[in-house]
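Residue-level structural notes
In case you want the letters, here they are:
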Amino acid sequence: MKVNEMIKDFVKGIWKENPVFVQVLGMCPTLAVTTSLINGLSMGLATTFVLVASGLAISALRKLIPDQVRIASFMIIISSFVTVVKLLFEAHIPEISSQLGPYLPLIVTNCIILGRQEAFASKEPVGRSLLDSLGMGVGFIFALVVLGSVRELFYQGTIGGFELLGSWYKSMVIMVQPAGAFISLSLLVALFHKLSGSE
Amino acid sequence: MNKIAKMVLTLTVLGLISGFALSMVSNYTDPLIKQNKQEALREAVYYVVQPTESYQEETEKGKVIYEAYNSSDELIGYAFTASGGGYQGTIRLMVGVGPNLKQIKGIQILESSETPGLGGKIRGKPFKSQFRGLQVEREVGLVKSAEAGKGEIQAITGATISSRAVVNIINKGLDQVRSILGEGE
């Protein structure tokens, strides 16, 4: 495999095929948990772990799994890794786990994960699948972190807990509510497309 | 091997591996999760009845009541958990009361999924501190916009339902604890 192709496999998920800004997948966690930078980041990391782990497993097993039961098999593998993540979060970072609430186990239904297995991991060798899922994961983290930072900044004038706007800033409650999520996401998608020069 | 047998075998093996792996992980995480919950409860007791130095867990008539003691081993109050419906989902509280059950020492939110930015403010200091040292003859009262009088607290603007829910949960819990301990009204 050429280095060029490897870089392409990895980078496409971050920019050209960004799961949130371009493919508009995984909207449920994207809108629901990005009330602050730390929430967005931890959700992104958890999802990336599941994405990479199940991508590796499925790509390694792709020749053994019969076509007719592939989706069921993918679901067993994905949900196992999600349960592992959920238990580890509860055991080691209970604060964040209670912040994310039901959205942590709901990673199972994240369509980025099943989508990558179906479109990529189940057809490609382990190495390429690893790069692909890492790229998509980083792209997802990038999107959630940006969205989380924007919402946190406009809600309470902080990013990641650090005060950026002074005490003069009057908090915009709407930013931590669903409406604020939709507004900031749509503006970010527009901005992203402007920057990347696509229509 | 025919197709069906292969399909059944694949799913069975995957299920077995997954079940085995998950039970290993849960064996490892279970004690940690339990410990975290215990820790959170402990911190809540110390927070609601201040200055607690040690406490004892007592179960009376099926209700767990924490007896809080200060540094010279005097009983300075009780703490108990109470829960009920909020605006969204269940709210669970830890409530601290004085030894005569007529003063609230403090409250802490153990669990809530109220709307962030509105009802979520019940977790905030300004709301919780209203309960510190609140004298309660019969029950906690709630006012919307007027100044809070004796035994009353002020509702959060835009979150009357959540504030009302917290007050109702406290009153119900207080009633129960009063009848169990057989003191107060």
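Structure shown above.
Described in the following lines is the structure provided in the data block. Since the structure is predicted, the reported quantities are computational estimates derived from the model, not experimental observations.

1. Details of the environment of Val50 of chain A
Residues and elements named next belong to chain A. Position of Val50 among the secondary structure elements: in helix α3 (residues 37–61). On a C-alpha basis, the gap between Val50 and Phe81 in space is 5.7 Å, while along the polypeptide they are 31 residues apart. Excluding anything up to four places from it in sequence, Val50 contacts Gly55, Ile78, Phe81, Val82, Val85, Ile107 and Ile113.

2. As for the pattern of salt bridges
All names here are of chain B. One pass over the full model with this rule turns up 10 salt bridges over all chains. Among the ionic pairs, Glu39 bridges to Arg42, the shortest N-O distance being 4.0 Å. Taken as a pair, Glu39 and Arg42 lie in helix α1 (residues 3–48) at a separation of three residues, close to a single helical turn. Here Glu39 falls in the partly exposed class, since its relative accessible area comes to 36%. Judged by relative accessible area, Arg42 falls into the partly exposed class, the value being 37%. Here Arg92 ties to Glu111 by a salt bridge, and the two come within 3.6 Å at their closest N and O atoms.

3. Focus on the packing of aromatic side chains
One pass over the structure, following the stated rule, counts eight aromatic pairs over all chains. Aromatic pair Trp15 of chain A and Phe192 of chain A: ring centres 4.5 Å apart, planes at 45°, arrangement tilted. With Trp15 of chain A in the loop between α1 (3–11) and α2 (27–32) and Phe192 of chain A in helix α8 (residues 178–196), the pair connects residues that are 177 residues apart, well separated along the chain. Judged by relative accessible area, which is 5%, Phe192 of chain A ranks as buried. With centroids separated by 6.3 Å and ring planes inclined at 85°, the aromatic side chains of Phe49 of chain A and Phe81 of chain A adopt a geometry described as edge-to-face. Of this pair, Phe49 of chain A sits in helix α3 while Phe81 of chain A sits in helix α4 (residues 70–92), placing them 32 residues apart in sequence. Three or more aromatic residues link up through ring pairs in this structure, and these residues are Trp15, Phe21, Phe142 and Phe192 of chain A. It is Arg42 of chain B that lies over the ring of Tyr46 of chain B; its NZ or CZ is 5.3 Å from the centre.

4. A word on the pairing of strand β3 (residues 75–85) of chain B
Residue and element names in this part refer to chain B. Looking at chain direction, strand β2 (residues 63–69) and β3 are connected through five bridges and run antiparallel. Along β3, the bridge assignment pairs Ala68 with Gly77. Linkage of β2 to β3, two consecutive antiparallel strands, is achieved through a turn of five residues, within which Asp73 is found at a positive phi near 65°. Here eight bridges tie β3 to strand β4 (residues 90–97), and the two strands are oriented antiparallel to one another. From the neighbouring strand, Gly85 faces β4, where its bridge partner is Thr90. Linking β3 back to β4 in an antiparallel pair, the connection comprises four residues, with Gly89 at a positive phi of about 70°.

Parameters at a glance
Residues numbered from 1 in each chain as written. Chains lettered and ligands numbered in written order. Predicted model: local features only at pLDDT ≥ 70, side-chain atom pairs only at ≥ 80, totals over all residues. Heavy atoms only, no water. Helix = DSSP H or I, 4+ residues; strand = E, 2+ residues; numbered from the N terminus. Contact = heavy atoms within 4.5 Å. Salt bridge = Lys/Arg side-chain N within 4 Å of Asp/Glu carboxyl O. Buried < 20%, exposed > 50% of the residue type's maximum accessible area, 1.4 Å probe, protein only. Phe/Tyr/Trp six-rings, centres within 6.5 Å; stacked < 30°, edge-to-face > 60°. Lys NZ or Arg CZ within 6 Å of the ring centre and 35° of its normal. Pairing = 2+ DSSP bridges.

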